[in-house]
Structure formats: structure tokens, C-alpha cells
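# Observations on the model geometry
One-letter residues, chain by chain:
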Amino acid sequence: MTTRCYHLYRYSIPVDSQLILRNRFLKRREGLLVQIKCKENEGWGEIAPLPEYSWETLEQAQEQAIQWLKDWDAARSRNEKLSFDGLYPSVAFGLSCALAEMKGSLQTEGNYQVAPLCYGDPDELYEPLDQMQGEKVAKIKVGMYEANRDGMIADMLLEAIPDLYLRLDANRSWTPAKAAMFAKYVKPEHLPRIQFLEEPCKTREESRRFAEQTGINIAWDESVREPDFEVVTEPHVTAIVIKPTLVGSLEKCVSLIEKAQNLGMKAVISSSIESSFGLTQLARIARQYTPDVTPGLDTLDLMEYQVVRSWPGSGLPVADFNSGFITEINF
Ligand SMILES: O=C(O)CCC(=O)c1ccccc1C(=O)O
Ligand SMILES: [Mg+2]
């Protein structure tokens with residue numbers, strides 16, 4: 001009799017009609033839930049490649065996950081381990097979470113105090129910021145409208161809320177001239193409360209120059225996933241953003257976190273728009289490995305349902321295994 005078993009489920013839930021990823025509207029968020037059981041221990045993970053960001057499709061991820069589970073079972077019966085090397089990032093992340101849960105190495109408490117995310121209307125921030133305990137930090141997407149408007153909004157919020165810290169995210173959208181235009185509208189005395197601006201310009205070199213010229217701290221996000229990236233100290237680079245679904249196994253994420261922490265930089269655990277299932281695991285990872293940093297996980301409200309595990313305090317309905325949104329994959 002075998003002591004190991006595993007199951008895969010596919011979820012597909014409707015999302016808020018406004019959600020645009022790069023060039024495309026996302027109508028449903030789809031992904032896999034994997035369950036691994038070994039004797040009386042079990043662990044779960046979410047594998048959810050993000051369209052427009054992940055290189056792998058859900059079909060490719062599913063096929064690879066099935067193969068890995070079969071190989072893992074065979075390896076374990078010879079008392080060997082099976083590594084996550086060569087797997088797609090989303091697959092490595094989901095499987096490594098399932099193993100970590102099973103082994104009890106992923107703690108159960110999470111950090112559900114996230115940085116409220118604003119896509120352009122600053123009025124939406126006042127209420128969540130009012131509810132926030134401890135460090136007041138919000139994240140604003142910039143680079144979608146005029147750069148001077150972005151600058152004015154950031155400046156206005158920093159002026160109106162004296163204990164507010166901001167994270168801004170330009171997703172590499174600004175030319176050096178536009179980035180300079182943004183900076184011009186933020187009063188110098190407010191600049192220290194910009195914790196960081198993620199990837200202001202199209203290239204790392206332009207972003208570095210922007211930081212040097214304006215004194216605004218920056219963070220790497222897209223760069224972290226590029227093959228030549230290394231965590232090193234650089235002037236004005238105060239953080240790296242880690243999106244585990246796009247980065248890879250939990251072990252790989254933890255190694256990046258430790259490198260950043262050793263160099264005095266923040267490592268920010270951030271969402272790739274996972275379901276509540278994956279987001280609650282990310283909140284646990286954040287609490288365990290980045291206890292002093294507010295994670296960037298405020299994306300649950302883009303969805304119309306939660307998936308199986310609920311986020312504390314969320315009022316969204318929870319889709320369970322019998323809901324019709326989740327189907328088992330037989331293999
Ligand atoms: O980091 C956060 O606070 C929220 C997550 C987020 O912004 C994001 C989510 C999915 C894909 C890309 C991005 C991004 O950082 O641009
Ligand atoms: Mg970003």
C-alpha cells in the first residue's frame with residue numbers, strides 16, 4: 001500500500017471586469033490547487049501562471065505539475081528527493097508550498113495587514129489607511145495617466161497624511177523626461193516618505209540615473225525576474241519586490257529575501273493576483289520571512305469569489321470544492 005497520494009484541482013473564477021493586465025482584459029482568474037499527502041500529513045499549494053506576466057500557460061503548468069508529482073512519488077519510494085530545478089516558476093512555487101505545508105515548515109499565522117493599492121483615485125485610500133494599524137503605507141500605480149498628475153497626487157497625499165509612507169509603481173513606463181516631470185511635482189520635504197518607486201524607467205540604467213538625480217528611492221520588481229539579476233547594494237535602491245508565482249520555489253524566494261536582508265534592503269512579498277488560497281499562503285510567507293515589512297497583497301478585491309481558504313476579514317463569498325468553480329483533474 002502506498003503512503004503517498006496527490007490531487008490536482010482546477011479553479012476558474014470571475015474577476016472584476018476592469019482588470020487589465022498589460023494589454024489584455026482578464027475575465028477569469030484560473031489556476032490549479034495541488035494537494036500532497038504523505039501518511040497523515042498533507043499540504044497544499046496554488047499554481048496560477050499570470051497571463052501577460054508568466055511565460056508558461058496554465059496547460060503547460062498543469063502538464064508539468066502532473067509529471068513532477070509522478071516523478072516525486074517514484075523518487076520517494078526509492079527514498080530520494082526530487083528538486084524543483086527546471087520547473088516553471090508557478091509550478092515550482094505551488095509544489096514547494098505544498099511540501100512546506102506538509103512538512104510543517106510554513107507557519108500558520110499570516111500578515112494580513114497589506115499595503116492598500118490604488119489605481120488612480122486617491123480618495124479610495126483614505127478609508128483603508130484610516131483602518132490601518134502600525135505603519136501607514138499605501139501603494140499607487142503611476143505611469144498610466146500624465147506624469148505631472150501622478151506627482152501631484154503623491155504630493156497631495158503625503159501633505160494630507162503626515163504619517164503616510166508611499167510605494168509607487170511605474171512598471172517601467174516612463175521616459176527619463178516623464179519621470180523627471182513626476183519628481184518635479186513632489187515637494188522635496190515629502191520625498192523621504194516615498195519608500196520606493198518601482199521601476200520608473202524602461203531600463204535599469206535610466207532608473208538608476210533618475211534615482212540619483214532626484215534622490216527618490218527605487219525598487220526592482222521586473223528586474224528581479226531577469227536572468228542577469230543579482231541582489232547587490234546600489235545607491236537609492238531600497239527594496240526588491242518578490243512575486244513568488246513569477247519567481248519560483250519557496251526556497252528560491254527565501255534565498256532572495258535573505259540576500260536582500262543581509263544587504264539592508266527590504267524584500268517585499270507581493271501578489272501575482274493569486275486567489276485567496278495563494279494569497280493567504282503569501283501572507284504566511286510574508287509574516288515568517290519578512291516580519292518587518294508590509295506585504296503587497298491587496299489584490300483580493302479584484303475577484304468576485306474567494307477560493308476555499310478565506311482571507312481574514314474579507315466579505316467576498318467563498319467558492320468551495322462543490323461550488324462548480326473548482327473541478328478535480330484526473331490523471
Ligand atoms: O505589489 C503589490 O502591492 C500588488 C501587486 C502588483 O502591483 C502587481 C500584480 C500583478 C502583476 C504586476 C504587479 C506589479 O507590481 O506591477
Ligand atoms: Mg511592479
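All values reported here derive from a predicted model rather than from experimental measurement. As a convention, each chain's residues are numbered from 1 in the sequence order in which they are written. In the order they appear in the text, chains get letters beginning with A and ligands get numbers beginning with 1. Local features in a predicted model are, by the rule used here, given only for residues with pLDDT of at least 70; side-chain atom pairs are given and counted only at 80 or more, and totals for whole chains, interfaces and linings are based on all residues. Excluding hydrogens and water, the side-chain figures rest on all heavy atoms present in the structure.

### Observations concerning the coordination of the magnesium ion (ligand 2)
In this analysis a donor is any N, O or S atom within 2.8 Å of a metal ion (3.2 Å for sodium, potassium and calcium), and since water is not included, sites may seem incomplete. The coordination sphere of the magnesium ion (ligand 2) contains the protein donors Asp169 (OD), Glu198 (OE) and Asp221 (OD), at a distance range of 2.1 to 2.3 Å. Read from N- to C-terminus, the donor residues coordinating the magnesium ion (ligand 2) fall into the pattern D-x28-E-x22-D. Taken together, the residues glutamate 198 in strand 9 (residues 194–198) and aspartate 221 in the loop between strand 10 (218–220) and strand 11 (237–242) connect sequence positions 23 residues apart. Classification of aspartate 221 as buried rests on a relative accessible area of 2%. Elements are defined by DSSP. Helices are runs of H or I of four residues or more, strands are runs of E of two residues or more, and each kind is numbered from the N terminus. The cut-offs for exposure are 20% and 50% of the maximum accessible area for each residue type, with area from a 1.4 Å probe on protein chains only; residues under the lower value are buried, those over the upper are exposed, and the others partly exposed.

### Comments concerning the nonpolar core
Definition of nonpolar core: a set of buried residues of the types Ala, Val, Leu, Ile, Met, Phe, Trp, Tyr and Cys, connected through side-chain atoms within 4.5 Å. Ranked by size, the top nonpolar core spans 63 residues in total, and within it Ile140, Phe182, Phe210, Ile240 and Ile242 carry the most contacts. Looking at this core, the element that brings in the most residues is helix 8 (residues 250–262), giving six residues. In this structure, this core is formed jointly by two domains, domain 1 (4–107) and domain 2 (117–303), each of which donates at least three residues. Should any heavy atoms of two residues lie within 4.5 Å, those residues are considered in contact. Every residue in contact with isoleucine 140, bar those within four places of it in the chain, is listed here: Cys118, Leu125, Ile153, Leu157, Leu166, Arg167, Leu168 and Asp169. Leu8, Trp68, Ala92 and Leu99 belong to the second largest nonpolar core, which has 22 residues in total. In this entry, domain limits derive from an automatic or database-based domain assignment.

### Describing the domain arrangement of the protein chain
Taken domain by domain, the protein chain comprises domain 1 (4–107) and domain 2 (117–303). Between the C-alpha centres of domain 1 and domain 2 the distance comes to 26 Å. Listed as interface residues are 29 residues of domain 1 and, on the opposing side, 26 residues of domain 2. We define buried area as the total accessible area lost by two parts upon association, computed with a 1.4 Å probe and summed across both. Roughly 2,300 Å² is buried in total at the junction of domain 1 and domain 2, and carbon and sulfur atoms are behind 62% of that figure. Salt bridge, as used here, is a side-chain nitrogen of Lys or Arg placed within 4 Å of a carboxyl oxygen of Asp or Glu. At the boundary of domain 1 and domain 2, one finds one salt bridge. Residues glutamate 101 and arginine 284 are paired through a salt bridge, measuring 2.7 Å at the closest nitrogen-oxygen approach.

### Observations concerning helix 2 (residues 89–103)
One turn of the α-helix equals 3.6 residues, which is why residues spaced by three or four share an orientation. Its 15 residues place the ends of helix 2 21 Å apart at the C-alpha level, agreeing with the 21 Å of an ideal helix rising 1.5 Å per residue. For helix 2, the tally of buried residues reaches 13 of 15 residues, placing the bulk of the element in the interior. Directly after helix 2, the chain includes glycine 104, whose backbone phi takes a positive value near 80°. Here, expected helix span is obtained from the residue count minus one, scaled by 1.5 Å.

### Some details on the pattern of salt bridges
Summed over all chains, the structure comprises 19 salt bridges. With a closest N to O distance of 3.3 Å, glutamate 159 and lysine 187 form a salt bridge. Within this pair, whereas glutamate 159 is found in helix 4 (residues 147–160), its partner lysine 187 is found in the loop between helix 5 (176–184) and strand 9, the two being separated by 28 residues in sequence. Classification of glutamate 159 by relative accessible area gives partly exposed; the value is 46%. Judged by relative accessible area, lysine 187 falls into the partly exposed class, the value being 35%. Across the salt bridge formed by glutamate 199 and arginine 172, the nearest N and O atoms sit 2.7 Å from each other. Taken together, the residues glutamate 199 in the loop between strand 9 and helix 6 (204–214) and arginine 172 in the loop between strand 8 (164–169) and helix 5 connect sequence positions 27 residues apart. Each member of the pair, glutamate 199 together with arginine 172, is buried.

### Quick notes on the UniProt feature "active site" (unreviewed entry) in the protein chain
UniProt positions are given in the numbering used here, feature names are shortened, and annotations may be inferred rather than shown by experiment. UniProt annotation of "active site" (unreviewed entry) refers to Lys141 and Lys243 when read in the numbering used here. Following the sequence through the fold, lysine 141 ends up in strand 7 (residues 136–141). Look at lysine 141 and you get buried, because its relative accessible area is 18%. Discounting chain neighbours no more than four positions away, the residues touching lysine 141 are Leu117, Cys118, Tyr119, Asp169 and Asn171. Along the chain, lysine 243 falls in the loop between strand 11 and helix 7 (244–247). Among residues more than four places away in sequence, those in contact with lysine 243 are Asp221, Arg225, Ser270, Ser271 and Ser272.

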